[in-house]
Amino acid sequence: MKKLVLTGAAGRLGSYLREPLSKMCDTLVSTDIADDIGTLYQGETYIKGDLASLDDMMKVCEGADMIVHFGAFVDEGPFEQLLGPNFIGAYNIWEAAHRHGARRVVYASSIHAVGMYPKNEFIGTDVPHRPDTFYGLAKCFAEDLGRMYWEKRGLESVHMRILSCAQVNNARALGSWLSYDDLIQLVTRCIETPVTGFSVIYGVSDNDRVPVDNAKASFIGYRPKDNAEEFAAQVLAETDPLDPKDPGHMCHGGPFAAVQLGNLVMADMNVVDDRKKT
Ligand SMILES: NC(=O)c1ccc[n+]([C@@H]2O[C@H](COP(=O)([O-])OP(=O)(O)OC[C@H]3O[C@@H](n4cnc5c(N)ncnc54)[C@H](O)[C@@H]3O)[C@@H](O)[C@H]2O)c1
């Protein structure tokens, strides 16, 4: 692989992907709207850019074999706040990838594309979209965009519907956890699989309580190794009885399923910022 692009490189998940991705190609072009991303790995270059600018993304994606697209506004919020980075940003990435003849986009989609399904439905990768927020709607848009660019323009994409890639400190995460090691394996497989067409796969570890079914994405060869059950005794001891009528507990989307459309939700979720430092 000559050139990979990573968007969202300054973000928490991006911080764990930069080093392994830099080892998979001659040049890793990391990009974000942040001013800088710390010390660069061997083979890595950094280009500051705005996802909402097609000119910026054309510059970033020039000569890329594949684009690993993680950049986004990561929260629920007013539609207008998500429009630039998440909706237009997705279009700009797929359009720039197409114009430059890239082979594939590997996309950080989300469980929030299907977040309104109740948790006692063991959902597969082919259930109809059921977004829980404008944030989830943007993930649905990017998935449909990816399908259309595959069917009309032959640009492959793998849409990793990540559940929750963060430290396990709540009951939902016992099912939804994706460890950083498993994230790296997942992204690696999505890049290395020879042919993917348009594909969807859930980003989740090998948890005893996993609520989603990756059977139809088995060909990608993702075999997670971590299991959130190791945290179960402590997490459950600290958890009060939960209201079964609260969509925040009953739906796949968790707190995003309960929040009013357009309201921020991440600040209440106690996500630990343990990004990898360089
Ligand atoms: N963390 C999770 O559990 C989780 C779950 C599902 C999906 N995802 C997806 O994974 C990706 C990364 O998530 P994260 O947790 O690392 O979030 P993060 O907020 O730490 O990283 C997102 C990055 O995108 C960048 N960004 C925002 N607006 C931009 C713009 N206009 N132009 C360029 N860059 C911009 C930010 O500066 C940030 O560095 C996101 O697409 C997110 O939707 C994450």
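Residues numbered from 1 in each chain as written. Predicted model: local features only at pLDDT ≥ 70, side-chain atom pairs only at ≥ 80, totals over all residues. Heavy atoms only, no water.

Where an unreviewed UniProt entry is consulted, the protein chain appears under the name Uronate dehydrogenase, with the organism given as Jannaschia faecimaris. Under the UniProt heading Sequence similarities (unreviewed entry), the entry covering the protein chain gives this text: "Belongs to the NAD(P)-dependent epimerase/dehydratase family." (UniProt positions renumbered as here; feature names shortened; annotations may be inferred.)

Asks: How should I be thinking about the sheet that holds strand β5 (residues 104-110) in this particular structure?
Replies: Adjacent strands of a sheet pair through backbone hydrogen bonds, lying either parallel or antiparallel. Read across the open sheet, the 7 strands follow the order β3-β2-β1-β4-β5-β6-β7; overall the sheet is parallel. With one partner strand each, in any of the chains shown, β3 (44-48) and β7 (198-203) form the two edges of the open sheet. Between one strand and the next, the sheet's axes are offset by a mean angle of 20 degrees, whatever the strand orientation. Looking at chain direction, strand β6 (residues 156-162) and β7 are connected through 6 bridges and run parallel. Across the sheet, the residue bridging to S157 is F198, located in β7. Here helix α1 (residues 12-22) sits on the sheet in contact with β1 (3-7), β2 (27-32), β3, β4 (66-69) and β6, set at roughly 175 degrees to β1. The strands touched by helix α6 (residues 180-192) within the sheet are β1, β4, β5, β6 and β7, with β6 carrying the most contacts at an inclination of about 165 degrees. (Pairing = 2+ DSSP bridges. Helix = DSSP H or I, 4+ residues; strand = E, 2+ residues; numbered from the N terminus. Axes fitted to C-alpha atoms, helices over the stretch in contact; angles between N-to-C directions. Contact = heavy atoms within 4.5 Å.)

Asks: What should I look at first to understand unusual backbone geometry in this one?
Replies: Phi is mostly negative for residues that are not glycine, and the peptide bonds are mostly trans. The phi dihedral of N270 is positive, around 60 degrees, even though this residue is not glycine. Within the secondary structure, N270 sits in the segment after α9 (255-258). We classify N270 as exposed; its relative accessible area is 53%. (Buried < 20%, exposed > 50% of the residue type's maximum accessible area, 1.4 Å probe, protein only.)

Asks: What am I meant to see in the site of the ligand here?
Replies: Around the ligand sit 24 residues, and of these L13, D32, Y135, K139 and C165 come closest. Within the backbone of L51, a nitrogen or oxygen atom sits 2.9 Å from a nitrogen atom of the ligand. Between the ligand and the protein, one listed contact pairs an oxygen atom with a side-chain N or O atom of Y135 at 2.4 Å. The protein chains hide 85% of the 830 Å² of surface that the ligand would expose on its own. The set of elements that each furnish at least two residues to the shell around the ligand consists of α1, β5 and α4 (134-153). The element best represented in the shell around the ligand is β5, accounting for 3 residues. Grouping the constituent residues of the shell around the ligand by class yields 13 nonpolar, 7 polar and 4 charged. (Near = heavy atom within 4 Å. Polar contact = N/O pair within 3.5 Å; in protein donor to acceptor, adjacent residues only side chain to side chain. Areas by Shrake-Rupley, 256 points an atom, 1.4 Å probe, with all protein chains shown as cover. Nonpolar A, V, L, I, M, F, W, Y, C, P; charged D, E, K, R; others polar.)

Asks: It is not clear to me how the state of the cysteines should be interpreted in this structure. Could you clarify?
Replies: As used here, a disulfide is simply a covalent bond connecting the sulfur atoms of two cysteines. Counted under the stated rule, the structure contains 0 disulfides. No disulfide involves C165; its sulfur sits 13 Å from that of C190, the nearest cysteine. On the basis of relative accessible area, C165 is assigned to the buried category, the value being 6%. (Disulfide = S-S within 2.5 Å.)

Asks: Teacher, can you tell me more about the packing of aromatic side chains here?
Replies: Geometry of an aromatic ring pair is reported as the spacing of the ring centres plus the angle between the planes. Overall, the coordinates contain 7 aromatic pairs when judged by the stated rule. With 3.6 Å between their ring centres and 10 degrees between their planes, Y16 and Y180 make a pair best called stacked. Of this pair, Y16 sits in helix α1 while Y180 sits in helix α6; the two residues are 164 residues apart in sequence, bridging distant segments of the chain. Of the residues examined, Y16 reaches a relative accessible area of 14% and is grouped as buried. When the centroid spacing of 5.8 Å and the interplanar angle of 70 degrees are considered together, the rings of F79 and F134 count as edge-to-face. One end of the pair, F79, is in helix α3 (residues 79-99); the other, F134, is in helix α4, and 55 residues separate them in sequence. For F79, a relative accessible area of 29% translates into the label partly exposed. For F134, a relative accessible area of 24% translates into the label partly exposed. Three or more aromatic residues joined by ring pairs make a cluster, and in this case those are F79, F87, F134 and F141. We note R130 situated over the ring of Y117; from NZ or CZ to the ring centre the distance is 4.7 Å. (Phe/Tyr/Trp six-rings, centres within 6.5 Å; stacked < 30°, edge-to-face > 60°. Lys NZ or Arg CZ within 6 Å of the ring centre and 35° of its normal.)

Asks: Quick question: what am I supposed to make of the nonpolar core here?
Replies: Ranked by internal contacts, the top residues of the largest apolar core, which has 32 residues, are L21 and F70. Put simply, the parts of the chain that give this core at least two residues each are β1, α1, β4, β5, β6 and α6. By residue number, the principal contributor to this core is α6, which donates 6 residues. Contact partners of F70, with chain neighbours within four places excluded, come to L6, T7, G8, L13, L17, A108, M160, I162, L183 and V187. Residues V29, W94, V105 and L155 belong to the second largest nonpolar core, which totals 20 residues. (Core = buried A, V, L, I, M, F, W, Y, C linked by side-chain atoms within 4.5 Å.)

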